[in-house]
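Each chain is listed here by its residues.
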Amino acid sequence: LLHGTKNVANSLSTRLPRQNSDSSQKNKPCEHIIDCGDIVWSLAFGSSVPEKQSRCVNIEWHRFKFGQDQLLLATGLNNGRIKIWDVYTGRLLLNLMDHTEVVRDLTFAPDGSLILVSASRDKTLRVWDLKDDGNMMKVLRGHQNWVYGCAFSPDSSILCSVGASKAVFLWDMDKYSMIRKLEGHHNDVVACEFSPDGALLATASYDTRVYVWDPHIGVILMEFGHLFPPPTPIFAGGANDRWVRSVSFSHDGLHIASLADDKMVRFWRIDEEYPVQVAPLNNGLCCTFSTDGSVLAAGQDGSVYFWATPRQVSSLQHLCRMAIRRVMPTNQVKNLPIPSKVVEFLCYQI
């Protein structure tokens with residue numbers, strides 16, 4: 001159990017070593033502080049794929065040419081602004097000013113297009129094209145109350161947004177239109193994340209539950225409860241000592257971490273009803289897995305805690321399932337000329 005401490009940097013001008021720096025630089029990590037000028041509510045890293053073109057038609061002139069070794073940081077602020085920074089230099093690149101309330105969450109499209117989506121308490125999501133100098137491409141409307149979070153599917157084709165009043169929306173990011181609303185939660189939904197193959201969607205709610213959905217057909221496949229016995233829908237908002245604050249999918253597609261107000265972090269397998277591991281954490285606010293899934297990080301007020309996650313090798317069956325589901329949605333899988341039990345396995349129904 002590691003307890004995080006606040007680091008103090010020497011100066012703003014200190015330059016972070018780039019990813020391709022030599023070994024001597026890697027042994028001497030530097031720090032610097034970026035002053036955003038307001039309370040930071042959300043963060044997202046983004047990097048560019050050079051051959052990925054902007055969706056904007058008029059691309060004759062741009063202020064910024066994003067290179068392969070450039071790393072961007074988007075910061076969502078209390079005053080509704082979004083500031084885009086060059087991480088290695090600390091330089092402010094863009095200042096996006098269209099939201100009228102707190103920017104609660106930010107997410108970059110995983111395809112390297114530098115499409116950024118922001119979720120705000122002003123009840124909207126906004127889509128920005130950073131390769132087009134931060135041009136706002138679309139406003140996604142549909143939420144009747146605060147939008148708490150958003151997440152892209154791994155292929156960047158679908159966006160999930162969650163918010164107050166039980167809201168879970170799925171958006172087609174090619175047409176910028178709503179696909180469907182997922183109904184099942186009984187209180188505000190505050191976090192969401194897709195599985196690495198895009199076949200599953202996990203949502204966390206103040207109704208003390210984490211649901212795992214098939215986003216392609218809108219069906220709840222699994223329910224992870226944080227209060228026993230589970231509250232009835234009419235009292236779902238009353239058990240605020242069990243509100244689920246955050247949920248995160250592991251890279252293996254088999255494990256989920258959740259963080260609730262009962263001072264516990266839970267580590268689940270998607271095919272088991274009860275947690276595999278449980279750890280104490282006071283006042284937890286968010287959690288996420290490292291890119292290789294070996295570490296779970298959880299943040300609280302002023303500190304970050306780290307846990308080494310249980311190690312195991314995924315079965316060949318599951319690895320094949322993930323490979324198929326990365327390229328095939330549920331409806332296509334169900335039309336395959338294969339035994340029904342195999343279909344159920346591929347659809348995570350067994």
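These figures come from a predicted structure and were not determined experimentally. Here the residue numbers are simple positions, counted from 1 along each chain's written sequence. Totals for whole chains, interfaces and linings use every residue, but because this is a predicted model, local features are given only for residues with pLDDT of at least 70 and side-chain atom pairs only at 80 or more, for both listing and counting. Hydrogens are left out, water is left out, and the side-chain values use all remaining heavy atoms of the structure.

Before going further, it helps to spend a moment on the packing of aromatic side chains. Two aromatic rings from Phe, Tyr or Trp, using only the six-membered ring of Trp, form a pair when their centres are within 6.5 Å; if the ring planes differ by under 30 degrees the pair is stacked, by over 60 it is edge-to-face, and anything between is tilted. Under the definition given, this model contains eight aromatic pairs. Here the aromatic cluster, defined as three or more aromatic residues joined through ring pairs, consists of W146, Y148, Y206 and W243. Here, a charge over a ring means that NZ of Lys or CZ of Arg falls within 6 Å of the ring centre while also lying within 35 degrees of the ring normal. The positively charged end of R121 is found above the aromatic ring belonging to W146, 4.1 Å away from the centroid. Stacked on the ring of F345, the Lys or Arg R321 has its end atom at 4.0 Å from the ring centre.

This brings us to the sheet that holds strand β21 (residues 277–280). Taken in spatial order, the four strands make up an open sheet running β18-β19-β20-β21, and their pairing is antiparallel. On the outer flanks of this sheet lie β18 (244–249) and β21, each paired with one strand and no other. Neighbour to neighbour, the strand axes of the sheet diverge by 15° on average, direction disregarded. Each pair of strands is called paired provided DSSP finds at least two bridges between the two strands. Only DSSP runs of H or I reaching four residues or more are called helices, and only runs of E reaching two or more are called strands; each is numbered from the N terminus. Across five bridges, β18 lies against strand β19 (residues 255–260) in antiparallel orientation. Residue V247 lies in a different strand from β19, and its bridge partner there is S258. Lines are fitted to the C-alpha atoms to define the axes, a helix being fitted only along its stretch in contact, and any angle between axes, read from their N-to-C directions, falls within 0 to 180 degrees.

This paragraph deals with the nonpolar core. Within soluble globular proteins, side chains that are nonpolar tend to cluster in buried spots. Only buried residues count toward a nonpolar core. Its members are Ala, Val, Leu, Ile, Met, Phe, Trp, Tyr and Cys residues joined through side-chain atoms within 4.5 Å. The rule is simple: take the accessible area with a 1.4 Å probe, protein chains only, and divide by the maximum for that residue type; under 20% is buried, over 50% is exposed, in between is partly exposed. The biggest cluster of nonpolar side chains holds 18 residues, and the ones touching the most others in it are F224, V247, I256, I270 and Y348. At the level of secondary structure, the elements contributing two or more residues to this core comprise β15 (201–205), β16 (209–214), β17 (219–225) and β18. With three residues, β18 is the largest single contributor of residues to this core. Whether two residues are in contact is decided by their heavy atoms: any pair within 4.5 Å suffices. With residues near it in sequence (within four places) discarded, Y348 still touches D197, A199, L200, L221, M222, I270, H318, R321, M322 and R325. Formed by 17 residues, the second largest nonpolar core is a distinct cluster that contains A74, L96, V103 and L106.

Let's shift gears to the environment of D98. Inspection of the secondary structure puts D98 in the loop between β5 (91–96) and β6 (103–108). Residue D98 is classed as partly exposed on the basis of its relative accessible area of 34%. The spatial distance from the C-alpha of D98 to the C-alpha of R81 is 7.1 Å, given a sequence separation of 17 residues. In contact with D98, other than residues within four places in its own chain, are R126, W128 and M136.

Before going further, it helps to examine the UniProt feature "repeat: WD" (unreviewed entry) in the protein chain. UniProt's entry tags residues 66–95, 96–138, 140–181, 182–214 and 244–278 with the feature "repeat: WD" (unreviewed entry), counted in the numbering of this structure. The straight-line gap between the two end C-alpha atoms of residues 182–214 is 10 Å; of that span, 0% is helix and 52% is strand. Secondary structure over residues 244–278 splits into 0% helix and 57% strand, and the C-alpha atoms at its two ends are 14 Å apart. UniProt positions are given in the numbering used here, feature names are shortened, and annotations may be inferred rather than shown by experiment.

Turning our attention to the side chain of S42. Checked against the element boundaries, S42 lands in strand β2 (residues 40–47). Accessibility expressed as a relative area gives 4% for S42, which makes it buried. Think of a polar contact as two N or O atoms within 3.5 Å of one another; within protein, one of them needs to be a possible hydrogen donor and the other a possible acceptor, and neighboring residues in sequence only count if both atoms come from side chains. For S42, the side chain forms a polar contact with the main-chain oxygen of V103, separated by 3.0 Å. Leave out the neighbours within four places in its chain, and S42 touches A74, T75, G76, V103, R104, D105 and L106.

A positive phi is found at L114, a non-glycine position, where the angle reads about 60°. Looking at where L114 falls in the secondary structure, it is placed in the loop between β6 and β7 (115–120). Located in the positive-phi region is T208, a residue other than glycine, with phi close to 75°. Position of T208 relative to the elements: it lies in the loop between β15 and β16.

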